[in-house]
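Given next are the chains, with one letter for each unit.
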Amino acid sequence: MQLLYNILAVILLLLALPVFAYRLSREKGFGERLRQSFGWLPQETMDKVAGRDAIWLHAASVGEIVATSPIVKEIRRELPGMPVMVSVVTASGYEMARRIIPEADGVIFFPLDLPYLSRSVVRRIRPRVFMLVETELWPNFLKAARHFNIPVMMVNGRISDKSVNRYRYLFGVLRKMLDTVVQYCMQSTVDAQYIIRLGADPRRVVVTGNTKFDQNYTDVSETEKVELFRQLGLSGRSPVIVAGSTHKGEEEQIFAAFTQIRQEFPDVALIVAPREPMRTGDIISLAAEWDLVAVKRTVIKEQPMTGHDIVIIDTIGELGKMYGLGDVIYVGGSLIARGGHNVLEPAAHGKPILVGPHMFNFRDSYALLTGRGACDTVYDSNGLADKVLKLLHDDKARMAMGQAARMIIEENKGAAKKSAQYLRQLLQDRHEPSPPGAVSGGSERFMRRGEALQVYLYKLVHGERHGVADALLLGTLYVFSLIYKAGISIVPALYHWGVLKSHKLPCKVISLGNITVGGTGKTPTAQRLAAIIRDMGYRVVILNRGYRAAWKGRVGLVSDGKKIYMTATEAGDEAYLLAKNLPGVPVVIGKNRSVTGEYAVNRFRAEVIILDDGYQHWELVRDLDIVLVDTINVFGNTYLLPRGTLREPLQHLARANAFLLTKVDQSTNDARGAIRDTLTHYNPQALVVESTHSPQCFIEIENWYKGVRTNPLAVEAIAGRRILAFSAIGNPSSFEQTIASIGAEVVESVRFPDHHDYSMAEMQDVMQKAVDNDVWALITTEKDAVKIPSEFIHSNRPLPVYMLDIKVRFHDGYDELMDLIKTTAQER
């Protein structure tokens, strides 16, 4: 059946070529639409979403875009660090999306559903999830999603009576498409029953409501209303009737009714918004036949005028606001058998609504509004005129209908939020977003017992649980979180009251830390700041706790700035990396920083000490606290350890002097704005600085191991190459996104738990995966490179292994941060 579908698709494409050629010569912007439909997507959009775990929402046209707008807003709140892309089919939908969804990182035309084209586009973008808005089932695209293991979710799902019958003819193709969708969020119980009748798994189907109840892009203030009336040349005109989404065959009936209404209300004005703006000229000619003067919205906007009876809205995305100007609203597509249009937009303005009898495409919202007296049905032009006149003569009846409409909207809000929450749950069940301890690519069989427990607990606290035992354990963890919260609240209080004493060193102490478990980029940031302070002329020493270090003494000298005294196993990967990359900067490990701090002062006459991962360390007085915030994995799951991944409540952000937002190039402006709002809420005085982890080059691991950095591989050299990425870091998806953003194709990623020590067998297994996937090279991080066995590094490998060399670069707030550090250092 799939083959037959593809044959028909190709035949239809060939038949459409003359139409494409005609529209290409006559229709402005059609060339760009055609390019995107055949897979040539804008590079600026691809740079933002390709290989970055983007959320892809597909909404066919204007109606679906209206439903998509509130979903995107809620996704930004639930998942602030993830890029969002919206695709559409129609030109009007494209313009609407660009107008009302500014939060999207990109808006594209949906590629034609051709077999190789769909697979190519999906492979290049590699979205984290694909979300179908309402009902947009495309066989080849969904097949590509299955191939690349991309979850598909339907939101604001709606199945019309016609669709139920039409989809049945797809037979086996339909079954595969329905099985591809892992979550169905349907508008109503009727829609849910329809999708189940078609073959969807009932366990995947939920009713979330209609997201169009949540839209607010059409809100219009009184000041805006005055300005719109002026622009339309209707200032002082009353009453105003708005006819939205009208079709051919309806305008005649509307003009006939309007002529009758004018006899009793001479100053009445009419605003008509045809569903197809290209029909505007015909509608103006039709109005003239009724002795009515009609003007285009675009014309009157450039040449203000008055004296007309009708304004024809020939723009995209303005109808929602126009409903706010009307005293009575007629929603089109209903006096003729087109199935009606969205009645929720005028309802949101609290307006009385009239429709024709043909509302089968919007049966639920129509029934809801009609049942509460917010919407009335007319059957012809005379009925339309009579209903409008009755409402215009009866202010109480008109207000009652409007109030009922607004109340229905308020009562039914929340569908978009529910959809975003289901999305978050879906991603969490798939270990999103690359947790500390994430494991993939078959590396599970090499996990140590403690690592397996770490991964299990991470999955559990992020929503993946099965049965009563997991639920009981989760409850137990929550109890321990309460105990933990009490403990971390008592300890600062004891230091504040003087029961416990903090040690003050005779030098300046700058702390780098965070309030979440997992990688935020502390080690490369500590390295960068230490180099800056060293180059200022200060004697700087780094104190590291030596996490996962084999050495267990009170004070461990990893490096004196000239010589490295410990291996990565002895010192821990973080401390060893700092020592390897910071000539002239001693690195000392030990759990008690007051003890290692005294050693640094006595042995190296330290003037500035950098406390690596020291935000929760109370034994040492700090002069400057810098908290790192990962902009793509912000504040964990909002629970404290061990129920969640927060080390401290967000209220404890108040004691920081500065916040450093890391990896800002992998997050959106909206996401960073939301993070800044949170930080300002808890600490309005602190400085906020932005930084990126900028790739510098690639170094073959054997050369890196020997300390040889000459002739490195340029970043651009991997563009277009097939790559296997492997890592054991806190946020592996960030590393993988960096590689993809350079232009490489990450065909396989292998993730081990954070701080995992590789064995020879594991590295051989990873290498075999690379060979099996026919990749060009393997790429890993510097933090991982120190833990790869030397016998593997020097072995006769079939493929090269490169280490990605990165450099932390500061952006917004850099000068202020440098001033803060200089001021702190000079006060010693």
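Please read these numbers as outputs of a predicted model, since none were measured by experiment. (Residues numbered from 1 in each chain as written. Predicted model: local features only at pLDDT ≥ 70, side-chain atom pairs only at ≥ 80, totals over all residues. Heavy atoms only, no water.)

### Structural notes on the pairing of strand β27 (residues 801–810)
Counting buried positions over the 10 residues of β27 gives 7, a clear majority of the element. The sheet contact formed by strand β22 (residues 687–700) and β27 spans 9 bridges and is antiparallel. Residue pairing in the sheet places Cys-697 in a bridge with Asp-805 of β27. Pairing of strand β26 (residues 777–781) with β27, which is carried by 4 bridges, proceeds in the parallel orientation. Each residue of the ladder has a partner; that of Thr-780, found in β27, is Met-803. (Buried < 20%, exposed > 50% of the residue type's maximum accessible area, 1.4 Å probe, protein only. Helix = DSSP H or I, 4+ residues; strand = E, 2+ residues; numbered from the N terminus. Pairing = 2+ DSSP bridges.)

### Quick word on a negative patch on the surface
On the surface, a cluster of negative charge is contributed by Asp-812, Asp-815, Glu-816 and Asp-819. Counting through the fold element by element, Asp-815 comes out in helix α33 (residues 814–826). (Patch = residues over 30% accessible without salt bridge, like charges linked within 9 Å, V, L, I, M, F, W, Y side chains within 5 Å. Areas by Shrake-Rupley, 256 points an atom, 1.4 Å probe, with all protein chains shown as cover. Salt bridge = Lys/Arg side-chain N within 4 Å of Asp/Glu carboxyl O. Lys, Arg positive; Asp, Glu negative; His and termini not counted. Charge placed at Lys NZ, Arg CZ, Asp CG, Glu CD.)

### Digging into the pattern of salt bridges
Taken as a whole and assessed by the stated rule, the structure comprises 35 salt bridges. For Arg-77, the salt bridge identified is with Glu-74, shortest N-O distance 2.9 Å. In this pair, Arg-77 and Glu-74 both sit in helix α4 (residues 62–78), 3 residues apart, roughly one turn of the helix. Judged by its relative accessible area of 15%, Glu-74 falls in the buried class. We note a salt bridge from Lys-212 to Glu-134, for which the minimum N-O separation is 3.5 Å. Highlighted residues: Lys-212 in the loop between β7 (205–207) and α11 (222–231) and Glu-134 in the loop between β4 (129–133) and α7 (139–147), separated in sequence by 78 residues. Assigned by exposure class, Lys-212 and Glu-134 land together as buried. Look at the salt bridges and you will find they share partners, linking Arg-99, Arg-297 and Glu-318 into a network.

### Focus on the environment of Lys-591
Tracing the sequence through the fold places Lys-591 in the loop between β18 (587–589) and α26 (593–604). In this structure Lys-591 comes out as exposed when scored by relative accessible area, which is 72%. Each C-alpha atom, one on Lys-591 and one on Asp-765, is 35 Å from the other, the two residues being 174 residues apart in sequence. Apart from the residues within four sequence positions on either side, Lys-591 is in contact with Arg-545 and His-617. (Contact = heavy atoms within 4.5 Å.)

### Looking at helix α13 (residues 280–289)
For an α-helix, 3.6 residues make a turn, and residues three or four places apart therefore share a direction. Buried residues of α13: Thr-280, Ile-283, Leu-286 and Ala-287, and no others. Considered in projection along α13, the buried side chains sweep an arc of 120° and stay on one side of the axis. Those residues of α13 that are exposed and angled more than 90 degrees off the buried face are Asp-282 and Glu-289. Elements that come into contact with the buried residues of α13 comprise α12 (251–264), β9 (269–274), β10 (294–296) and β11 (310–312). (Arc of directions from axis to C-beta.)

### Structural notes on the environment of Ile-65
Along the chain, Ile-65 turns up in helix α4. The exposure class assigned to Ile-65 is buried, which follows from its relative accessible area of 0%. Separated by 29 residues in the primary sequence, Ile-65 and Tyr-94 place their C-alpha atoms 8.6 Å from one another. Apart from the residues lying within four places of it in its own chain, the contact partners of Ile-65 are Ala-59, Val-86, Val-88, Gly-93, Met-96, Ala-97, Ile-100 and Ile-101.

### Comments concerning the sheet that holds strand β8 (residues 240–246)
Here we have 7 strands laid out as an open sheet, ordered β10-β11-β9-β8-β12-β13-β14, and parallel in their pairing. Pairing within the sheet leaves two strands with one partner each, and these edge strands are β10 and β14 (375–377). Pairs of neighbouring strands in the sheet enclose a mean axial angle of 20°, with direction left out of account. Relative to β11, β10 is paired through 3 bridges, and the arrangement is parallel. For Lys-296, the partnering residue across the bridge sits in β11 and is Ile-312. (Axes fitted to C-alpha atoms, helices over the stretch in contact; angles between N-to-C directions.)

### Brief notes about helix α30 (residues 760–772)
Compared with the 18 Å implied by 1.5 Å per residue over 13 residues, the 18 Å span of α30 between its first and last C-alpha is a close match. Taken together, the buried positions of α30 are Glu-762, Met-763, Asp-765, Val-766, Met-767 and Ala-770. Buried residues along α30 sit in contact with β24 (722–727), β25 (745–751), β26, α32 (790–793) and β27. Positioned one or two residues after α30, Asp-774 has a phi angle of 55°, which is positive. (Expected span 1.5 Å × (residues − 1).)

### What to know about the packing of helix α6 (residues 115–125) against α7
Contact pair α6 / α7: the axes reach a minimum separation of 8 Å and the direction vectors enclose 45°. In terms of orientation, α6 and α7 fall into the oblique class. Crossing angle aside, the handedness with which α6 passes α7 is right-handed. Contact residues: Pro-115, Ser-118, Arg-119 and Val-122 in α6; Asn-140, Phe-141, Ala-144 and His-147 in α7. Looking at the contact of α6 with α7 residue by residue, the classes come out as 4 nonpolar, 3 polar and 1 charged. (Parallel < 35°, antiparallel > 145°, perpendicular 65-115°, else oblique. Left-handed = near helix turned anticlockwise from the far one by under 90°. Nonpolar A, V, L, I, M, F, W, Y, C, P; charged D, E, K, R; others polar.)

### Section: the packing of aromatic side chains
Using the criterion set out here, one finds 15 aromatic pairs in the structure. Seen from their ring centres, Tyr-478 and Tyr-639 are 6.3 Å apart, and the 90° between their planes marks the pair as edge-to-face. Of this pair, Tyr-478 sits in helix α22 (residues 467–497) while Tyr-639 sits in the loop between β20 (624–630) and β21 (658–662), and the two are 161 residues apart along the sequence. Linked through ring pairs, Trp-56, Phe-110, Phe-130, Trp-138 and Phe-141 together constitute an aromatic cluster. Here the guanidinium or amino end of Arg-158 rests over the ring plane of Phe-362, the centre of that ring lying 5.1 Å away. The ring of Tyr-615 is capped by Arg-655, whose NZ or CZ atom sits 4.0 Å from the centre of that ring. (Phe/Tyr/Trp six-rings, centres within 6.5 Å; stacked < 30°, edge-to-face > 60°. Lys NZ or Arg CZ within 6 Å of the ring centre and 35° of its normal.)

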